[in-house]
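Observations on the three-dimensional arrangement
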Amino acid sequence: MKARLSKEDLKKQIYYGSDLYPVMQSIFMREAKIRRVQEHFWVASLNVKGKLLNVELINIGATNRIAVQPPEVFRIAIYKAAVSIILVHNHPSGVLKPSYEDRQQTDRFIKVGKLLSIKVEDHLIISETDCYSMQANGIMDELRKSGLYEVTLKETEEVKKWREEELAKTAKEEKAREIALRSLEHGLSVEVVANLTGLRKSSVEKMVKELGKK
C-alpha cells in the first residue's frame, strides 16, 4: 500500500535514514492506535539525488515479528527505477535496538539489492517518538562485509530473470497507462478505457482527475 506523501516530503533530501524519520513518524501516527501495536514494514525508494520517490507499506505482522520477502521489498523499487532504498519497520515495544532477526533479514536484502543494483542504504527502526538507524550505528557496513547470504550462481540467474520480468511488467503497465490517457483525452468513458487497457477502473478514474487538474 502506497503511503501518502506531501509535496514537502518529496522535496526533502534524504542523506541518512534518520532524515527520513519525520516522514515515517507522520505516516505511522496516521495509523489507528490499535494498529500501532503491530509491526509494520515499509520500503522508501530514493532517486539518484536522494529524493523520495515513494514509501510503500509492504506488510503488517504481529506484535513482535513480521514476514517480508525480497520480491515484496524490491518490486516497487524496480518499478520506480530507484537507485537505493531505506527499509523501515517499527518496534511496538519501544525498544529500538535491532534484533538478531532484524540483522539477518537486513543482511539478506543487502545481498539481493547488490544483484539488482539497488543499494540498501539503511534500515530504520522506529517508534512513535524515536528511531534507530543501522547505518548510523555501523551495522550496515558490518553486514555488507559479512560472508552470510552470499548469493549462488543459480540464485543470481533467478534474481536476474525476476528483474527482467518485473521490468517487462512495468513497461506493459506504462504502455497501458499511455493508451488510457490518450483514450480519455479523446473522450472515451472510464468503463471503455478500463476494458480496453485492462487497468482497474479506480486507476482510470484517478487519471481522469489528473487530466482535470492540467
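Look up: the structure comes first, before these words.
Right, let's walk through the structure included here. Since the model is a prediction, treat every value here as computed from it, not as a measurement. (Residues numbered from 1 in each chain as written. Predicted model: local features only at pLDDT ≥ 70, side-chain atom pairs only at ≥ 80, totals over all residues. Heavy atoms only, no water.)

**As for the overall build of the protein chain**
The cut-off we apply is this: Secondary structure elements follow DSSP: runs of H or I of four or more residues count as helices, runs of E of two or more count as strands, with numbering from the N terminus. The rule is simple: take the accessible area with a 1.4 Å probe, protein chains only, and divide by the maximum for that residue type; under 20% is buried, over 50% is exposed, in between is partly exposed. The contact criterion used throughout is that any non-hydrogen atoms of two residues lie within 4.5 Å. Method for areas: the Shrake-Rupley scheme with a 1.4 Å probe, in which residue coverage is limited to the protein chains shown.
A count of helical and extended segments in the protein chain gives 8 helices and 5 strands. When the helices and strands of the protein chain are listed from N to C terminus, the series reads α-α-β-β-α-β-α-β-β-α-α-α-α. Principal-axis analysis of the C-alpha atoms gives the protein chain an extent of 55 × 45 × 30 Å. Counting over 214 residues, the protein chain shows a buried share of 42%. Considering only contacts within the protein chain whose residues lie at least 6 apart along the sequence, 67% involve residues at least 24 apart. Carbon and sulfur atoms make up 53% of the accessible area of the protein chain, which totals about 12500 Å².

**Structural notes on the pairing of strand β4 (residues 119-126)**
Let me state the cut-off plainly: Two strands form a pair only when DSSP identifies at least two bridges running between them. The handedness of a crossover follows from its direction of travel: if, with the strands pointing away from the viewer, the path from the first strand over the helix to the second runs clockwise, the crossover is right-handed.
Most of β4 is tucked away, with 6 of its 8 residues classed as buried. Bridge count between strand β3 (residues 84-90) and β4: 7 bridges; the pairing is parallel. Bridging across to β4, I86 finds its partner in D122. Taken together, β3, helix α4 (residues 100-116) and β4 constitute a β-α-β crossover, and its handedness is right-handed. Pairing geometry for β4 and strand β5 (residues 131-133), over 3 bridges, is antiparallel. Residue pairing in the sheet places I126 in a bridge with C131 of β5. Between the antiparallel neighbours β4 and β5 lie 4 residues.

**Digging into the sheet that holds strand β1 (residues 40-46)**
The strands that make up a sheet are held in pairs by hydrogen bonds between backbone atoms, and each pair lies either parallel or antiparallel. Heads up, the condition is: Only C-alpha atoms enter the line fits that serve as axes; for helices the fit covers just the stretch in contact. Angles between N-to-C directions range over 0 to 180 degrees.
One open sheet holds the 5 strands; their spatial order is β2-β1-β3-β4-β5, and the pairing between them is mixed. Either end of the sheet is taken by a strand with one partner, and the two such strands are β2 (52-60) and β5. For this sheet, the mean angle separating the axes of adjacent strands, direction not counted, is 20°. Across the sheet, helix α2 (residues 17-29) is in contact with β1, β2, β3, β4 and β5; its angle to β4 comes to roughly 50°.

**A closer look at the nonpolar core**
Selection criterion: In this description, a nonpolar core means a group of buried Ala, Val, Leu, Ile, Met, Phe, Trp, Tyr and Cys residues linked to one another through side-chain atoms lying within 4.5 Å.
Counting residues in hydrophobic clusters, the biggest one holds 25 residues, and the most contacted among them are F41, V73, F74, I85 and L87. Excluding its chain neighbours within four sequence positions, the residues that come into contact with L87 are F41, W42, V43, V73, T106, F109, V120, D122, H123 and L124. Counting 19 residues, the second largest nonpolar core, distinct from the first, contains V23, L52, V55 and I86.

**Description of the side chain of S45**
Following the sequence through the fold, S45 ends up in strand β1. Excluding residues within four positions of it along the chain, S45 makes contact with K51, L52, L53, N54, I76, A77, A82, S84 and I85.

**Quick notes on helix α7 (residues 190-197)**
Applied cut-off: What the arc measures is the spread of directions leading from the helix axis to the C-beta atoms.
Among all positions of α7, only V190, V193, A194 and T197 are buried. What you see down the axis of α7 is that its buried residues fit within an arc of 100°, all on one side. In α7, the exposed residues that point more than 90 degrees away from the buried face are N195 and L196. Backbone geometry just downstream of α7 places G198 in the positive-phi region, at approximately 80°.

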